[in-house]
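Chain residues, written in single-letter form:
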Amino acid sequence: MATLHGSLDSSRSPLVTIAVSAPSGPSHFVDALVDTGFTGFVQLPERRARELGLALQAVSEAQYADGRTGTIPLAWAKVTLGPEVREGFAHVQSGSDEVIVGVELLRVFQKIFVLSITESLVLLVDALADLQPGGAP
Amino acid sequence: MTARPRKSKRGIPRADIAKSTSFNPVEIAEAGRRIYDRQRAAFERHHHGQYVLIDIRTERVFIGESPEAAYHQATAEQSEGPFYLVRVGQRAAFRSRRQPNGDAARIAR
């Protein structure tokens, strides 16, 4: 069972390292923000998606917190999390330089997200039993 | 002389994206919405909460419990898109707390 350790950035947002690629391309490691308010798989800046050679294949809509909706181009991408590899739709976002992973990625990889700001603890675990009492795994 | 827009069997003009080789998100979304709206009642009656992936060129529809499941169906049947993805019964297939232009416009709620 793989437990993945992440970190907190300077604004105490949780980060995990993932590798992203086109389905048959080389992978690039990036630090991705874990955002449970994002229901997608992964979001990539447009420039990063272009560097990876991702092909735009679909369009969908996202609804933002202020109620507005926006049109989002989607590309099929491969994400590696520790030893595991899965594929899903990457949201290609212009005007942003953040890589974000959302709850769909947690579902696809079947991971439990553990966050403690006071302990500076960011974990992705397979089961709650992986968490040892009295300390991090 | 300009050509009239090609029409589907139901008389609804198809978007130029159906003939185009470029990827234009706005045109794809408009064409996808038109196709979806023709079958909206049936989708909402039988597939509420599921994801519908529409091949804009062929108008073939793939339905799954997740975006990935719908896409795997499409690729299994050699459908190449471009696709329009909808979540049945929702205003948008995805939600995000962030504004589309990233960090600076993050919404704190």
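Preceding this paragraph is the structure being described.
These lines cover the structure that appears in this document, whether it is placed above or below. (Residues numbered from 1 in each chain as written. Chains lettered and ligands numbered in written order. Predicted model: local features only at pLDDT ≥ 70, side-chain atom pairs only at ≥ 80, totals over all residues.)

## Some points on the overall build of chain A
Move 1: Scanning chain A for helices and strands turns up two helices and 11 strands.
Move 2: Beginning at the N terminus, the succession of helices and strands in chain A can be written as β-β-β-β-β-α-β-β-β-β-α-β-β.
Move 3: Since a compact globule built from 137 residues should have a radius of gyration of about 14 Å, the 15 Å found for chain A is in line with a globular shape.
Move 4: Over its C-alpha atoms, taken along the principal directions, chain A stretches across nearly 45 × 35 × 25 Å.
Move 5: Going through the 137 residues of chain A one by one, you find that 38% of them count as buried. (Helix = DSSP H or I, 4+ residues; strand = E, 2+ residues; numbered from the N terminus. Rg over C-alpha atoms; globule rule 2.2 N^0.38 Å. Buried ≥ 20, exposed ≤ 12 C-beta atoms within 10 Å, placed from the backbone.)

## Let's talk about helix H3 (residues 67–76) of chain B
Move 1: Of all the residues in H3 of chain B, the buried ones are Pro67, Ala70, Tyr71 and Ala74 of chain B. For H3 of chain B, the angular spread of buried residues about the axis comes to 95°, placing them on one side.
Move 2: Along its buried surface, H3 of chain B packs onto strand S7 (69–81) and strand S8 (84–93) of chain A together with strand S1 (51–55), strand S2 (61–64) and strand S3 (83–87) of chain B.
Move 3: Where H3 of chain B terminates, the next one or two residues include Gln78 of chain B, which has phi positive at roughly 55°. (Arc of directions from axis to C-beta. Contact = placed C-beta atoms within 7 Å.)

## So, the interface of chain A and chain B
Move 1: Of the residues lining the interface, 30 residues belong to chain A; the matching set on chain B comes to 28 residues.
Move 2: Looking at the side of chain A that touches chain B, the elements that each hand over two or more residues are strand S6 (56–64), S7 and S8 of chain A.
Move 3: Among the elements that make up the side of chain A that touches chain B, the one with the highest residue count is S6 of chain A (nine residues).
Move 4: Its residues assigned to classes, the side of chain A that touches chain B comprises 12 nonpolar, 13 polar and five charged.
Move 5: Across two bridges, the pairing between S6 of chain A and S3 of chain B is parallel. Of the residues in S3 of chain B, the one forming a bridge with Val59 of chain A is Tyr84 of chain B. (Nonpolar A, V, L, I, M, F, W, Y, C, P; charged D, E, K, R; others polar. Pairing = 2+ DSSP bridges.)

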